[in-house]
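Observations on the model geometry
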Amino acid sequence: MGLLQGKTALITGAARGIGKALALRFAAEGADIAFTDLVIDENGKQTEDEIKALGVKCIGYASNAADFAQTEEVVKKVHEDFGKIDILVNNAGITKDGLMMRMSEGQWDAVINVNLKSAFNFIHAVLPIMMRQKSGSIINMASVVGVHGNAGQSNYAASKAGLIALAKSIAQEVGSRGIRANAIAPGFIETAMTAALPESVREEWCKKIPLRRGGKPEDIAEVAVFLASDMSSYVTGQVIQVDGGMNM
């Protein structure tokens, strides 16, 4: 019996990367999976097939998480298809880095809309369902830069700090209804995005990490399983840094 047996998880931006790792890990623990991405292309179809191969129900939905109306529609469709939503992971995110002096309004708006407004959109749509169920776990995928800041990433850091504060506020609003909200703050995680960095940059990063290595998407997924499951039934309003000790 898996830790998430009988639960339905909705994960945004999960066709690849950390979102996909979460979806696969949740499925391995018995959860049915609904996931969204901007488009469900070959990567999305492959993710769907890999999850189904674990013996659970899985449907990928094409949806722009930053669009309020689209989000309302896709959450309604997920609820119709699965009958309930027990877990929401707000994972959709982008970067458009640059120093503040050179950052355009478009760079700022795009990151805030995809990273932060999308979480508002999905929480707003999912909360009525969870309130009727009198249970639910909401997990916002933040970042260590949302806790400590980072030069050249003011838009990204602000969006991730917002996700942390959003989780804490939601935890206070709906805790009495049996709904929990927490945030995960990953550090330097080995993904396709970080793999594109020069080796010298990656080595410098690792020197700053007490564990002397980058994390894996699976490291984030393990913490997400804890927060999604009944193991964390008395944990809400928290931010867990998964960063190898990089920012103590």
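Below or above, wherever it landed, is the structure these notes cover.

Cut-offs and rules
- Residues numbered from 1 in each chain as written.
- Predicted model: local features only at pLDDT ≥ 70, side-chain atom pairs only at ≥ 80, totals over all residues.
- Heavy atoms only, no water.
- Helix = DSSP H or I, 4+ residues; strand = E, 2+ residues; numbered from the N terminus.
- Polar contact = N/O pair within 3.5 Å; in protein donor to acceptor, adjacent residues only side chain to side chain.
- Contact = heavy atoms within 4.5 Å.
- 1 Å grid on protein atoms, 1.4 Å probe; cavity = no way out; pocket = protein on both sides within 12 Å on 5 of 7 lines; lining within 4 Å.
- Points joined across faces, edges and corners; volume = space filled by probe spheres on them.
- Nonpolar A, V, L, I, M, F, W, Y, C, P; charged D, E, K, R; others polar.
- Salt bridge = Lys/Arg side-chain N within 4 Å of Asp/Glu carboxyl O.
- Pairing = 2+ DSSP bridges.
- Axes fitted to C-alpha atoms, helices over the stretch in contact; angles between N-to-C directions.
- Left-handed = near helix turned anticlockwise from the far one by under 90°.
- Buried < 20%, exposed > 50% of the residue type's maximum accessible area, 1.4 Å probe, protein only.
- Right-handed = clockwise from strand over helix to strand, strands pointing away.

Relative to the helices and strands, T47 is located in helix 2 (residues 42-52). One polar contact links the side chain of T47 to the main-chain carbonyl oxygen of A15, over a distance of 2.6 Å. Not counting residues up to four positions away in its chain, the partners in contact with T47 are A14, A15, K20 and F35.

Space inside the largest pocket adds up to approximately 1400 Å³. For the largest pocket, the lining is made up of 47 residues, of which G93, T95, Y156, T191 and M193 are closest to its centre. Contributing elements (two or more residues each) for the lining of the largest pocket: helix 1 (17-28), strand 2 (32-37), helix 5 (145-148), helix 6 (154-174), helix 7 (192-195) and helix 8 (199-207). Residues belonging to the lining of the largest pocket are distributed by class as follows: 22 nonpolar, 19 polar and six charged.

With that settled, consider the pattern of salt bridges. Per the stated rule, a full pass over the model turns up 13 salt bridges. For the salt bridge of K77 with D81, the shortest nitrogen-to-oxygen distance reads 3.1 Å. Of the two residues, K77 and D81 are both situated in helix 3 (residues 68-82); the distance of four residues between them amounts to about one turn of the helix. Three or more residues joined by partner-sharing salt bridges are found here, namely R16, D37 and D41.

Taken in spatial order, the seven strands line up as 3-2-1-4-5-6-7 in an open sheet, and their pairing is parallel. Edge positions in the open sheet fall to strand 3 (58-62) and strand 7 (239-242), since each of these has one partner strand only. Averaged over all pairs of adjacent strands, the angle between strand axes in this sheet comes to 15°, irrespective of strand direction. Sheet topology places strand 4 (residues 87-90) next to strand 5 (residues 136-141); four bridges connect them, and they run parallel. Each residue of the ladder has a partner; that of N90, found in strand 5, is N140.

Viewed as axis vectors pointing N to C, helix 3 and helix 4 (residues 105-133) meet at an angle of 35°, and their least axial separation amounts to 9 Å. Here helix 3 runs over helix 4; the crossing is right-handed. Contacts between helix 3 and helix 4 pair F68, T71, E72, V74, V75 and H79 from the former with K117, F120, N121, F122, H124, A125, V126, I129 and R132 from the latter. For the contact of helix 3 with helix 4, a count of residues per class yields eight nonpolar, four polar and three charged.

Moving on, we get to the pairing of strand 2. In terms of burial, strand 2 is largely enclosed, as five of its six residues are buried. In the classification by handedness, the crossover that spans strand 1 (residues 8-12), the intervening helix 1 and the parallel strand 2 is right-handed. Examined bridge by bridge, strand 2 and strand 3 share five bridges and lie parallel to one another. Bridging across to strand 3, F35 finds its partner in G60.

Structurally, R132 can be placed in helix 4. Here the alpha-carbon distance between R132 and I184, two residues 52 residues apart in the chain, equals 26 Å.

Everything listed here is a matter of coordinates, which is why it stays silent on function.
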